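Here is what each chain is made of, one letter per residue.
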Amino acid sequence: MSTTSFFARYSFVHPQGRAVGLAQQAGADENPLIAPPPSKPPPAEGLPPGADSATLLPGLLLAGAVAAAAYLLRASGLPGLSGISPLMLAILLGMGLRNLIGRPQIARAGLAACLRAPLRAGIVLLGLQVTLAEILGIGIAGLAILALALLGTFFFTLWLGERLGVPAGLTILIATGTGVCGASAIVAANTVVRDSEEAVAYALATVTLFGTVAMFAYPVLGALLPLDARGYGLWTGASVHEVAQVVAAGFARGEAAGEFATVSKLARVLMLAPLVIGLGLWMQRRSAASAAANTGDVPAAPARVPMPWFVFGFLAMVLLAGTGWIPAETRPPLALLAQALLALALAAVGLETDVRKLSAQGWQPLALGALATLFIGAGTLLLALLWQR
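This one's a predicted model, so the numbers in the text were calculated from it and none came from an experiment.

Conventions and cut-offs
Residues numbered from 1 in each chain as written. Predicted model: local features only at pLDDT ≥ 70, side-chain atom pairs only at ≥ 80, totals over all residues. Heavy atoms only, no water. 1 Å grid on protein atoms, 1.4 Å probe; cavity = no way out; pocket = protein on both sides within 12 Å on 5 of 7 lines; lining within 4 Å. Points joined across faces, edges and corners; volume = space filled by probe spheres on them. Helix = DSSP H or I, 4+ residues; strand = E, 2+ residues; numbered from the N terminus. Salt bridge = Lys/Arg side-chain N within 4 Å of Asp/Glu carboxyl O. Buried < 20%, exposed > 50% of the residue type's maximum accessible area, 1.4 Å probe, protein only. Contact = heavy atoms within 4.5 Å. pLDDT = per-residue confidence, 0-100. Patch = residues over 30% accessible without salt bridge, like charges linked within 9 Å, V, L, I, M, F, W, Y side chains within 5 Å. Areas by Shrake-Rupley, 256 points an atom, 1.4 Å probe, with all protein chains shown as cover. Axes fitted to C-alpha atoms, helices over the stretch in contact; angles between N-to-C directions. Parallel < 35°, antiparallel > 145°, perpendicular 65-115°, else oblique. Left-handed = near helix turned anticlockwise from the far one by under 90°. Nonpolar A, V, L, I, M, F, W, Y, C, P; charged D, E, K, R; others polar.

A. The arrangement of the layout of surface pockets in detail. For the second largest pocket, the calculated volume is near 580 Å³. Forming the walls of the second largest pocket are 25 residues, and the residues nearest its centre are Q129, V243, A244, L266 and A335. Looking at the lining of the second largest pocket, the elements that each hand over two or more residues are α4 (86-100), α13 (243-251), α14 (255-270) and α17 (331-351). With seven residues, the single largest contributor to the lining of the second largest pocket is α17.

B. Looking closely at the pattern of salt bridges. For the coordinates displayed, the defined rule picks out four salt bridges. The residue R98 makes a salt bridge to E352 at a minimum N-O spacing of 3.7 Å. Taken together, the residues span a long stretch of sequence, with R98 in helix α4 and E352 in the loop between α17 and α18 (355-359) at a distance of 254 residues. E352 serves as the salt-bridge partner of R103, at 3.0 Å between the closest nitrogen and oxygen. On the criterion of sequence distance, the pair formed by R103 in the loop between α4 and α5 (108-114) and E352 in the loop between α17 and α18 is long-range, its members being 249 residues apart.

C. Fine view of the environment of L100. Relative to the helices and strands, L100 resides in helix α4. Spatially, the C-alpha atom of L100 lies 9.9 Å from that of V355, the residues being 255 residues apart in sequence.

D. Examining the environment of I135 more closely. Tracing the chain through its elements places I135 in helix α7 (residues 132-136). By relative accessible area, I135 is classed as buried at 5%. Dropping the residues within four chain positions of it, I135 is found in contact with V130, L143, V263, L266, A267 and L270.

E. Structural view of the confidence of the model for the protein chain. The predicted model of the protein chain averages 80 in pLDDT, with 81% of residues at 70 or higher. Looking across the protein chain, the model is least confident in helix α2 (residues 22-26), with a mean pLDDT of 35, and most confident in helix α8 (residues 140-164), with 95. pLDDT under 50 marks residues 12-50. Its contacts with residues more than four places away, or in other chains, come to 79 contacts. Below pLDDT 50 for its whole length, residues 297-303 participates in seven contacts with residues either more than four positions away or in separate chains.

F. Spotlight on a nonpolar patch on the surface. A cluster of nonpolar residues, L209, V213 and L366, forms a patch on the protein surface that exposes about 240 Å² of accessible area. Mapped onto the secondary structure, L366 falls in helix α19 (residues 364-387). L366 gets classed as partly exposed once you look at its relative accessible area, which sits at 36%.

G. Main features of the packing of helix α12 (residues 229-239) against α19. Where α12 contacts α19, the two axes come as close as 9 Å, and the packing angle between them is 150°. By the criterion of interaxial angle, the relationship of α12 to α19 is roughly antiparallel. Read as a crossing pair, α12 and α19 show a hand that is right-handed. Side by side, α12 and α19 meet where R230, G231, L234, W235, A238 and S239 of the first sit next to I376, G377, T380, L381, A384 and W387 of the second. Grouping the amino acids of the contact of α12 with α19 by side-chain chemistry returns seven nonpolar, four polar and one charged.

H. Broad picture of unusual backbone geometry. The phi dihedral of R194 is positive, around 55°, even though this residue is not glycine. Relative to the helices and strands, R194 resides in the loop between α10 (183-193) and α11 (197-224).

Now the structure itself:
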C-alpha cells in the first residue's frame, strides 16, 4: 500500500460533525452500511437541544439497569461467565434488549449522555491502577517490547484491514483494541474515530472473542514453551487483550508469572494515552489536508476532529497514583468504579446497536481480529524468548 493510498483511506473529514474515512465516504452510495454525512451531530457527541435531567433520566436508568444486570449475571456462578468481562456482558445484554424487545425513543438522549461524561470519567480513573514505579520495574527492554508490539500490531492491522476490505473506522477500532487493552481502548479510540455503534460492537466482540481464546490457550502453551515466569508474564501481558483475561492467564502459571503479567498489561494500558492523542492529532492533520484537496478553488475551513483531552486526565491519575496521596486501600474501589462507568457506557452502546447492520459487516472484520491476534501473540512470544536470555 502506497503512502498516498494509506492516508487517503484513513483521512477523516466530517463536514457535519461526524468523522468518517474517505474510503468509506467515497463508497457511501454503493454500500448501505456507510451512512451519508448526517445533517446534525450524532447524539454521542452532543446532547439534543434543550436536554435536561428529566430528558436524560430514562436513558440513564435503562443503561444503568443493563450494566447492573451484567454484574449480577457475572456473579451468578453460571459456567463460563466468570471469565467474561462485565463490559462485554453489558454490551451483549444491551444488544439483546434492543433487538429482541426494542429501545424506547424516550431513552435516546440519556443513552447519548452515557457515551460522554461516564465514559471519559471511567477512562480517567483507569490511570489509578498503575504507578510509574511499577511500570519502570519492567525495565527498558521490557517496555521497548511492549511499545514495539503495540505499534507493530496497530499498523499491521491497518495494512491488513485495507487488504481485507474492512471499513477504515472499524479497522482502527480493532487495531486499537488488539494492540492496547481491549474494550477500554476501543471506546477511547471511538471518541476520535466516532464510528457507528455497530462498528464499536463488532470490534468489542472480536477482541473479546480472541482474547478469551488466548486466556485459555496461553497457560497450555506456556507449559510447552521454554519460558520462565517473567518471560511468560511479559508474553501474556504484552499480547492478551483484556486486563481480566491477562490476570486469569498469568496466574494460571503461578504467582510470579501472574504479577509480572499484570504489571506488563497495565504498562500497555498506560500506552493508550499517547496512542489516542496521536490518533487525534493525525486525524486533524489529515482532515485539514483532505479538506484542502477536495474543495478545489473554493476556500473551506477543515472539519475539526475532536481531541481526546480527557486522556490527559488519565495521565494525571497515573502520576497521582505514584505520589502516595491516595491510600492503597482505595485503589480497588476506584478501579471498580472505573469499570462500572465503562460498563454503563457500553450498555448504552449495546442499546443503540442494530444486529442487522452488525451482521451485514461480513466475515472480514472477524478474520482481521483473528490475524491481528496471531500477529501480536507470535511477535511478542519471539521477543519474550529473546528478552529472557
